[in-house]
Amino acid sequence: MGDKKYIQGHLFALATIFLWGTTFISTKILLRQFQPIEILFFRFLLGFLVLILIYPKRLKTEGWREEKYFMAAGLCGITLYYLFENIALTYTMASNVGVIISVSPFFTALLARVVTGEKSLGRRFFLGFLLAMCGICLISFGGTALHLSPKGDFLAVLAAFVWAAYSMLTKKIGNFGHNIMQSTRRCFAWGLLFMSPVLLFTDISLGRQRFADPLNLGNLLFLGIGASAICFVTWNTAVKRLGAVKTTVYIYMVPVVTIITSVLILGEELTVRAACGAFLTIAGLFLSVEKKKKSEKCDLLTEVL
C-alpha cells in the first residue's frame, strides 16, 4: 500500500503541474479585462464554493495549535503567491513567469534544511542553484525580443519563495490527519480573508458584461475549478505522500508547458536565448534537489509508468 501511495503521489504531482503550466496563459488572457486582485478573488472564491459542494463536512481543528498553520498557508499559498504572480504577469511575459517560478524547489530545499534539517546542502545543490540563476538571468535580461521587466521578474521570484513556504506548511498540515479537501478549503478561506483588505482599495466590478464573454468565463472556470479546487487537492495529496522537497521538484516541468502554450496560444516569440535559459533553469533545479542514483531513477520511472 505504501508503494502504491508513493506512485500515486508522483502521478498527482505530474497531473497538477501539467494543468498549472497553462494557468499563466489563462491569467494573461483575463488580465485584458480584469485586475490581478479580481482574478485572484473570483478564482479562489469559486474554488472554495466547489470544495464545499464536493465535501460539505465542516473541518474541526485543535484550536490555535493547528489553525495558525492553516492561516499561514492561506497567506503564503493563496494571497501572496498569486498576487505576486498575477502582478508579475502585468509586467512580463507568461513564459518568463513560468520559468522563474521554477526556482521554488531551491527555496523549498533550503527551507527544509533550515526549518526541519531534512537535507544536507552539498556541492550538487549549489551548482544546480548557480545553473538555475544563470538560466533565469539569461531569460530575464538577455535580448530585447522578450520585452521583459526586472520588476515583473523580481515579483515572480518572490512568488517562488512564498510557494516554497506554502509547500512546507502543507507538509505540516498533512500530518494533522484531516481530510485533504477540508484542509484545502480551510486554506482557501484564510487566503480569501487575507486578500479582503486589498479589495477595499480596488475598484472591483461585478458587471455582467465581462462574465458573459465566453472566453473570460471559460478561463475563470478553468482557474477556479480545475487549477484551484482540483489541483490544490492533488498537489496537497502529493506533498503529503512524497514530502515538500520531492513534490516541488516537479515544478521544473512548468516552464516547458508554459513556454509551449505561450507560443501556441498567445503567439509569444520563442527565441534561442529563451530556450537556452529555460534549459539551464530546469537542469539546475533538477541537479539541486535530485540525489537518487541512476539505477533508482530508472526503477522509479518504471514504477510510475
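None of the values given here were measured: they were computed from a predicted structure.

Peer 1: Would you mind showing me how to read the overall build of the chain here?
Peer 2: A tally of regular secondary structure across the chain gives 15 helices and zero strands. Counting all 305 residues of the chain, 53% fall into the buried class. For the chain, contacts bridging at least 24 residues in sequence account for 90% of all contacts bridging at least 6.

Peer 1: Please explain the pattern of salt bridges as it appears in this structure.
Peer 2: A side chain of one charge can pair with a side chain of the opposite charge if their charged atoms are brought near each other. One pass over the structure, following the stated rule, counts four salt bridges. Arg65 serves as the salt-bridge partner of Glu62, at 2.7 Å between the closest nitrogen and oxygen. Overall, the relative accessible area of 45% leaves Arg65 in the partly exposed class. Ionic pairing is found between Arg186 and Glu67, a salt bridge with its closest N-O pair at 2.8 Å. With Arg186 in helix α9 (residues 180–200) and Glu67 in helix α4 (residues 64–89), this pair connects stretches of sequence that are 119 residues apart. Judged by relative accessible area, which is 19%, Arg186 ranks as buried. On the basis of relative accessibility, which here comes to 12%, the residue Glu67 falls in the buried class.

Peer 1: Whenever I open this one, the nonpolar core confuses me. Can you help?
Peer 2: Among soluble globular proteins, nonpolar side chains are generally buried collectively. Within the largest apolar cluster, 74 residues are counted, with the highest numbers of intra-cluster contacts made by Trp20, Phe44, Tyr82, Trp163, Phe232 and Trp235. If one sorts the elements of this core by residue count, helix α8 (residues 150–174) sits on top with 12 residues.

Peer 1: It is not clear to me how the packing of helix α6 (residues 104–116) against α8 should be interpreted in this structure. Could you clarify?
Peer 2: Geometrically, a packed helix pair is captured by the angle between its two axes and the distance between the axes. α8 packs onto α6 with a crossing angle of 45 degrees between their chain directions and a minimal axis gap of 8 Å. Our classification of the angle between α6 and α8 gives oblique. Of the two elements, α6 crosses α8, and the hand of that crossing is right-handed. Residues Ser104, Phe107, Thr108, Leu111, Ala112 and Thr116 of α6 form the contact with α8, whose own contacting residues are Val157, Ala160, Phe161, Trp163, Ala164, Ala165, Ser167 and Met168. Of the residues contributing to the contact of α6 with α8, the split by class is 10 nonpolar, four polar and no charged.

Peer 1: Just checking my understanding: could you explain the packing of aromatic side chains for this structure?
Peer 2: The description of two aromatic rings rests on the distance between their centres and on the angle between their planes. For the structure on display, the rule yields 24 aromatic pairs. Both rings, one in Phe107 and one in Phe161, keep their centres 5.4 Å apart while their planes meet at 85 degrees; by these two values the pair is edge-to-face. Taken together, the residues Phe107 in helix α6 and Phe161 in helix α8 connect sequence positions 54 residues apart. Three or more aromatic residues joined by ring pairs make a cluster, and in this case those are Trp20, Phe44, Tyr81, Tyr82, Trp163, Tyr166, Phe188, Phe232 and Trp235.

Peer 1: Explanation requested: the packing of α4 against α9 in the structure shown.
Peer 2: Their axes nearest at 7 Å, the elements α4 and α9 cross at an angle of 65 degrees. Relative to α9, the element α4 is oriented roughly perpendicular. For α4 against α9, the interelement crossing comes out right-handed. Contacts from Glu67, Phe70, Met71, Ala73, Gly74, Leu75, Ile78 and Thr79 in α4 reach Ser183, Arg186, Cys187, Phe188, Trp190, Gly191, Phe194 and Met195 in α9. Class assignment of the residues belonging to the contact of α4 with α9 gives a composition of 10 nonpolar, four polar and two charged.

Peer 1: Even after reading the chapter, I still don't get a nonpolar patch on the surface, so can you show me in this structure?
Peer 2: A cluster of nonpolar side chains, contributed by Val256, Ile260, Val263, Leu264, Ile265 and Leu270, occupies part of the molecular surface with about 560 Å² of accessible area. Looking at the secondary structure, you find Leu264 in helix α13 (residues 254–266).

Peer 1: Could you clarify how one ought to interpret the environment of Gly47 in this entry?
Peer 2: Among the secondary structure elements, Gly47 is positioned in helix α3 (residues 36–54). For Gly47, a relative accessible area of 0% corresponds to the buried category. For the pair Gly47 and Ala227, spaced 180 residues apart in the sequence, the C-alpha separation amounts to 8.6 Å. Apart from the residues lying within four places of it in its own chain, the contact partners of Gly47 are Phe188, Gly224 and Ala229.

Peer 1: When you look at the environment of Phe42 in this model, what are you seeing that I'm missing?
Peer 2: Mapped onto the secondary structure, Phe42 falls in helix α3. Residue Phe42 is classed as buried on the basis of its relative accessible area of 13%. Once the C-alpha coordinates of Phe42 and Gly224 are considered, the two residues, 182 residues apart in sequence, prove to be 7.5 Å apart.

Peer 1: Just to check I follow, could you spell out the side chain of Thr23 for this structure?
Peer 2: For Thr23, the location among the structural elements is in helix α2 (residues 23–30). Using a relative accessible area of 3% as the deciding quantity, one classes Thr23 as buried. The residues contacting Thr23, other than those within four sequence positions of it, are Phe222, Leu223 and Ala227.

Conventions and cut-offs
Residues numbered from 1 in each chain as written. Predicted model: local features only at pLDDT ≥ 70, side-chain atom pairs only at ≥ 80, totals over all residues. Heavy atoms only, no water. Helix = DSSP H or I, 4+ residues; strand = E, 2+ residues; numbered from the N terminus. Buried < 20%, exposed > 50% of the residue type's maximum accessible area, 1.4 Å probe, protein only. Contact = heavy atoms within 4.5 Å. Salt bridge = Lys/Arg side-chain N within 4 Å of Asp/Glu carboxyl O. Core = buried A, V, L, I, M, F, W, Y, C linked by side-chain atoms within 4.5 Å. Axes fitted to C-alpha atoms, helices over the stretch in contact; angles between N-to-C directions. Parallel < 35°, antiparallel > 145°, perpendicular 65-115°, else oblique. Left-handed = near helix turned anticlockwise from the far one by under 90°. Nonpolar A, V, L, I, M, F, W, Y, C, P; charged D, E, K, R; others polar. Phe/Tyr/Trp six-rings, centres within 6.5 Å; stacked < 30°, edge-to-face > 60°. Patch = residues over 30% accessible without salt bridge, like charges linked within 9 Å, V, L, I, M, F, W, Y side chains within 5 Å. Areas by Shrake-Rupley, 256 points an atom, 1.4 Å probe, with all protein chains shown as cover.

Spatial relationships are all this shows, so hold off on functional conclusions.
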